[in-house]
Amino acid sequence: MPQPKRYNSFSDELKRVFGCKVQRISVDAGFTCPNRDGTLDGEGCIFCGGSGSGAYSIRPELSVAAQVEDGKEIMRRKYRARKFIAYFQAYTNTYAPVERLASLFDEALSVPDVVGIIVATRPDCLPDDVLDYLARLGEHTYLWLELGLQSIHDKSLAFLNRRHDYACFVDALQRTAARKIRVCAHVILGLPGESREETLAMAGALNRLGVDGVKLHLLHVMKGTRLAEMYDKGEVVLPDRDGYAGLVCDFLERLDPAILIHRLTGDGGRDNLVAPLWSLNKFEVLNLIDAELERRDSRQGLRRPATIT
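Parameters and conventions
Residues numbered from 1 in each chain as written. Predicted model: local features only at pLDDT ≥ 70, side-chain atom pairs only at ≥ 80, totals over all residues. Heavy atoms only, no water. Pairing = 2+ DSSP bridges. Helix = DSSP H or I, 4+ residues; strand = E, 2+ residues; numbered from the N terminus. Axes fitted to C-alpha atoms, helices over the stretch in contact; angles between N-to-C directions. Contact = heavy atoms within 4.5 Å. Phe/Tyr/Trp six-rings, centres within 6.5 Å; stacked < 30°, edge-to-face > 60°. Buried < 20%, exposed > 50% of the residue type's maximum accessible area, 1.4 Å probe, protein only. Lys NZ or Arg CZ within 6 Å of the ring centre and 35° of its normal. Salt bridge = Lys/Arg side-chain N within 4 Å of Asp/Glu carboxyl O. Core = buried A, V, L, I, M, F, W, Y, C linked by side-chain atoms within 4.5 Å.

### Regarding the sheet that holds strand β1 (residues 22–27)
The strand order across the open sheet built from seven strands is β1-β2-β3-β4-β5-β6-β8, with neighbouring strands paired in parallel fashion. Strands with a single pairing partner mark the edges of an open sheet, and in this sheet they are β1 and β8 (260–263). Each strand axis lies, on average, 25° off the axis of its neighbour in the sheet, ignoring direction. Relative to strand β4 (residues 142–150), strand β3 (residues 114–121) runs parallel, the two sharing six bridges. Bridging from a neighbouring strand, T121 pairs with L147 of β4. The sheet strands contacting helix α7 (residues 196–209) are β4, β5 (183–188) and β6 (213–217), and the helix crosses β5 at an angle near 170°.

See the structure below:
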């Protein structure tokens, strides 16, 4: 029997809630982003490729329902999943009128064996009418909102060309929490220009903010991005595999154990990834993190301050 994780795993939470194996199915609903359509900028974040950050192996030519059905067959074969969550991942999935959002989300939820929905978005794309709609939707289905924070440090947000600051994220989170919507924050560990202390300080900030979940990432260099140009010029240095795994463990030790861990690493897309190539072996990285936590005899929250100020 597998040993229990030393962190609060989201996959284990899904098993507790639904009593079976549940897998996320990524969906591209045809959204864009204010950081790419000219509203804020035309380039987007420096790490974002042409299909939206993290959105790989999706078939956007299919309808939302067809994408989910296609994903179901893959997840059944690969993971023996029995239930599914539609994950609106590509670009900014609240960047549209409420009527369009409702139509697309309802389409996904109408597919048999889909038990919930995850909506990934930016903190500057959450007007109150959208949040009110999501709150109503969350009363009837299992709902998570993923908010791209990436860093609590404004210098890093400027480096990434996010076009929002940390205060914007805090405001969005407070308005979301007031409506009792579960929030998972995206954070990139080991950003260029951030010290180890600055990176680990983000764990304490997330504790104080009271987020429900966290996704940890490393900085991927994808073909055709501004980050790739910087990397080719030697302007960006990325952590190595062992260094990243150790940083993840340091971060987890400082994170409130009640926060669900949705992800500890990412693997990019094999066809478009420039660096770090070691991230393609996702399970090797995850095993390394597990082994390091075991070596330390440590776990999530072990080094969290007893009193959060």
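### A closer look at the packing of aromatic side chains
For the structure shown, the criterion picks out five aromatic pairs. Between the aromatic rings of Y244 and W278, the centroid separation amounts to 6.0 Å while the plane-to-plane angle is 40°, which identifies the pairing as tilted. Taken together, the residues Y244 in helix α9 (residues 241–254) and W278 in the loop between β9 (273–275) and α10 (282–296) connect sequence positions 34 residues apart. Here the two residues Y244 and W278 agree in accessibility, since each one is buried. One aromatic cluster is present, formed by F88, F105 and Y133 through successive ring pairs. Note that R100 overlies the ring of F31, its terminal NZ or CZ placed 4.7 Å from the centroid.

### What to know about the side chain of Q150
Tracing the backbone shows Q150 in strand β4. Non-local contacts of Q150, meaning those with residues more than four positions away in its chain, are made with F47, L157, L160, R162, H186, V187, I188, L191 and M202.

### Some remarks on the pattern of salt bridges
Per the stated rule, a full pass over the model turns up 28 salt bridges. Note that R175 and D171 form a salt bridge whose closest N and O atoms lie 3.1 Å from each other. Taken as a pair, R175 and D171 lie in helix α6 (residues 166–177) at a separation of four residues, close to a single helical turn. Here D171 falls in the partly exposed class, since its relative accessible area comes to 38%. Among the ionic pairs, R304 bridges to D256, the shortest N-O distance being 3.9 Å. Linking R304 in the segment after α10 with D256 in the loop between α9 and β8, this pair joins segments that are 48 residues apart in sequence.

### What about the nonpolar core?
In this structure, F88, F105, L189, L206, L216, F251 and L264 are the most contacted members of the largest nonpolar core, which totals 86 residues. Of all the elements, α9 adds the most residues to this core, at seven residues. F88 has contacts with V27, A29, F31, V64, N93, L104, F105, A108, I117, I118, V119 and A120, leaving out every residue within four places of it along the chain. One finds L14, V22, Y87 and A120 within the second-largest nonpolar core, a separate group that totals 13 residues.

### Focus: the environment of A108
Within the secondary structure, A108 sits in helix α3 (residues 98–109). Residues A108 and A245 lie 137 residues apart in sequence; the distance between their C-alpha atoms is 35 Å.

### Some remarks on unusual backbone geometry
Here the bond from A275 into P276 is cis, since omega is -10°, no more than 30 degrees from zero. Residue position: P276 is located in the loop between β9 and α10. If you check the backbone angles, Q150 has positive phi at about 75° while not being a glycine. On the accessibility criterion, Q150 (7% relative accessible area) is buried. Positive phi outside glycine occurs at N161, with the angle close to 60°.

These figures capture arrangement, not role.
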